[in-house]
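# Reading the structure
So the chains spell out like this:
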Amino acid sequence: MASGAASEKTSRGPGISDLPREIWILVAGSFIVAVGMGIVAPALPAFATSFDVGVTAAGFIVSAFAMMRLIFAPLSGRLVSAAGERTIYVIGITIVGISSTACAFADSYWQLLVFRALGGIGSTMFTVSGVGLLIRLSPPHLRGRASGLWATSFLLGNISGPIVGGLMVGYSLRLPFVTYGIALFGAAFLGWFMLRKSTLAAPLGDDATPAMPLGEALRMRSYIAALLSNFGTGWAVFGVRIALVPLFVVEALKAPQSMSGIALSVFAAGNAGALLVSGRMADRHGRKPLVLIGLVVQGVATASLGFTDSVPLFLAASLIAGMGAGVLNPAQNAAVADIIGGNRRGGTVLATFQQSADLGAILGPLIAGALADTVSYQAAFLVTGATAALGLLAWVGAPETRPRPESDPEPQRATA
C-alpha cells in the first residue's frame with residue numbers, strides 16, 4: 001500500500017504539499033492580514049463620507065494609501081536588501097496595525113486621510129518582503145501554485161472579512177478599524193515567532209546572490225506586459241472595487257449597507273475559487289495563456305458592473321470578475337518570478353512591479369470617482385474594465401516565461 005501510494009504521488013508529480021514550511025507560514029500571515037482588510041473595506045467609504053465629503057473625496061482615501069505604497073516601494077526594496085525579508089515583513093505589518101488602529105480614533109476627514117495614508121508605508125514593506133520570500137523559497141516548478149496559494153489565502157480572508165465588516169458598520173463605523181489593527185498585530189507576531197529560527201528565511205549576505213538590475217527587466221517584453229496588466233489589476237481590484245462598489249450598492253441599487261460587504265465577498269469568493277486551479281495550470285501549461293484569459297474575463301465582467309440594475313445581477317457580475325482576477329493573478333506573479341529567477345535578488349524589480357498596481361489603485365478611484373460624480377457609475381465601471389485592454393495588448397506579443405521542467409534557466413534576455 002505504501003509503495004503504491006508513493007508511486008501514485010510520483011505519477012501525479014509534485015504538489016503544494018512539497019512547498020517549504022516557511023511558505024505555509026507566509027500563507028497564514030496573509031490570511032490574517034486579509035481578514036482585517038476585508039473587515040475594513042465596507043466601512044472605509046462610508047466612514048469617509050460621514051465627514052460630509054463626496055464620492056471623489058472618499059475615493060481619495062483609497063488612493064492615498066496606494067500613493068504612499070507607490071512612493072515608498074523603492075525604499076522598501078532597498079530595506080529588504082539591507083535587513084532581509086523577514087525583518088521588514090514583521091515591521092511592515094506592525095506599522096499598518098498602528099495606522100489602522102489610529103484610523104478608528106480619527107475626528108475629521110483629514111485625520112482619517114493621514115492615518116490611512118501612513119499605513120501605505122508599512123503595506124509596501126510587507127508586500128515586497130513577503131513576495132520576495134515567496135519567490136526565494138518556491139521551487140521553480142511550483143511557482144504558480146505557491147503564488148496561487150498565497151493569493152488564495154488573501155482572498156479567503158477577504159471572503160469572510162467584508163461580511164463581518166458589513167455587520168460591524170451597523171453598530172459603529174470605527175469598530176472595523178480597531179478589529180483590523182488587532183488582526184495585524186496578530187499577523188506580525190505570527191511572522192516573527194514562526195520565522196525567527198528559520199534558516200531558509202534568514203537574511204542573505206551581501207555577496208550571497210546578485211541583484212537583478214531593473215534596467216535588465218525593463219528590456220523584457222514579458223516584464224513590461226506584467227507591469228501593464230498589474231496596473232489594470234490595481235485600478236480595478238485594489239482601487240475601484242473598494243472605493244466604488246460599496247457606494248454603488250447603496251446609492252444605485254438602493255440596497256442596505258450590509259449588502260456592500262456581501263458584494264465584496266462574492267468577488268473574493270470567485271477569485272479564491274479560481275486561484276489554485278489557475279496556479280496549477282500555469283505551472284503545467286504556461287503563464288501567458290492564463291494571463292490572457294484572466295484579462296478578458298476580468299475586463300468584460302468589471303465593465304458590466306455599472307449596467308446591472310438589481311442586486312442578483314450585480315453579484316453575478318462580481319463573481320465572474322473575481323474569477324477573472326483569480327485566473328490572472330498566479331500566472332502573472334509567476335511570470336515575474338520566472339524573470340527574476342531563484343538565483344538572484346529582485347527587490348527593485350518586485351518593488352517596481354508593485355508600484356504599477358499602486359499607480360492603478362491611485363488613479364482608479366480618483367478618475368472613476370470623478371466619472372461617477374459628474375457622468376455616471378456606468379462610465380466609471382466601463383473605463384475601469386477597459387484598463388484590462390492595456391495588459392491584454394502587451395501580453396499578446398510577449399514571450400512565455402515558464403522554465404523548462406525540472407530546470408531554472410536564466411530568465412529571458414531577449415526583447416523579442
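- The name given to the chain in an unreviewed UniProt entry is MFS transporter, and the organism recorded there is Saccharopolyspora ipomoeae.
- As recorded by UniProt, the Subcellular location (unreviewed entry) comment attached to the chain reads in full: "Cell membrane".

## Topic: the overall build of the chain
- Along the chain, the regular secondary structure elements total 16 helices and zero strands.
- Here the chain, with 416 residues, has 57% of them falling under the buried criterion.
- Taken as a whole, the chain presents about 16000 Å² of accessible surface, with 70% of it coming from carbon and sulfur.

## Focus on the pattern of salt bridges
- Going through the model one piece at a time under the given rule, you end up with three salt bridges.
- As a salt-bridge pair, arginine 69 and aspartate 358 come within 2.7 Å of each other at their nearest N and O atoms. On the criterion of sequence distance, the pair formed by arginine 69 in helix 4 (residues 55-83) and aspartate 358 in helix 14 (residues 347-374) is long-range, its members being 289 residues apart. In this pair, the class of arginine 69 matches that of aspartate 358, namely buried.
- Ionic pairing is found between arginine 287 and aspartate 283, a salt bridge with its closest N-O pair at 2.9 Å.

## Topic: the packing of aromatic side chains
- With the rule as written, the count across this model stands at 11 aromatic pairs.
- Between tyrosine 109 and tryptophan 110, the ring centres sit 5.2 Å apart and the planes meet at 80 degrees, which makes this aromatic pair edge-to-face.
- Here tryptophan 110 falls in the exposed class, since its relative accessible area comes to 60%.
- Both rings, one in phenylalanine 189 and one in phenylalanine 193, keep their centres 5.7 Å apart while their planes meet at 15 degrees; by these two values the pair is stacked. Separated by four residues within a single helix, phenylalanine 189 and phenylalanine 193 lie in helix 8 (residues 175-195), roughly one turn from each other.

## Some remarks on the packing of helix 10 (residues 221-251) against helix 16 (residues 388-396)
- Direction vectors running N to C along helix 10 and helix 16 enclose 165 degrees, while the axes themselves pass 7 Å from each other. When the axis of helix 10 is compared with that of helix 16, the two are roughly antiparallel. The hand of the helix 10/helix 16 crossing is left-handed. Here Ser222, Ala225, Ala226, Leu228, Ser229 and Phe231 of helix 10 lie close against helix 16, whose contacting residues are Leu390, Gly391, Ala394 and Trp395.

## Some remarks on helix 13 (residues 311-340)
- Between its first and last C-alpha, helix 13 extends 43 Å over 30 residues, near the 44 Å set by a 1.5 Å rise per residue.
- Counted residue by residue, helix 13 has 22 buried out of 30 residues, so it is predominantly covered.
- Looking one or two places after helix 13, you find glycine 341, whose phi comes out positive at around 80 degrees.

What counts, and where the lines are drawn
- Residues numbered from 1 in each chain as written.
- Predicted model: local features only at pLDDT ≥ 70, side-chain atom pairs only at ≥ 80, totals over all residues.
- Heavy atoms only, no water.
- UniProt positions renumbered as here; feature names shortened; annotations may be inferred.
- Helix = DSSP H or I, 4+ residues; strand = E, 2+ residues; numbered from the N terminus.
- Buried < 20%, exposed > 50% of the residue type's maximum accessible area, 1.4 Å probe, protein only.
- Areas by Shrake-Rupley, 256 points an atom, 1.4 Å probe, with all protein chains shown as cover.
- Salt bridge = Lys/Arg side-chain N within 4 Å of Asp/Glu carboxyl O.
- Phe/Tyr/Trp six-rings, centres within 6.5 Å; stacked < 30°, edge-to-face > 60°.
- Axes fitted to C-alpha atoms, helices over the stretch in contact; angles between N-to-C directions.
- Parallel < 35°, antiparallel > 145°, perpendicular 65-115°, else oblique.
- Left-handed = near helix turned anticlockwise from the far one by under 90°.
- Contact = heavy atoms within 4.5 Å.
- Expected span 1.5 Å × (residues − 1).

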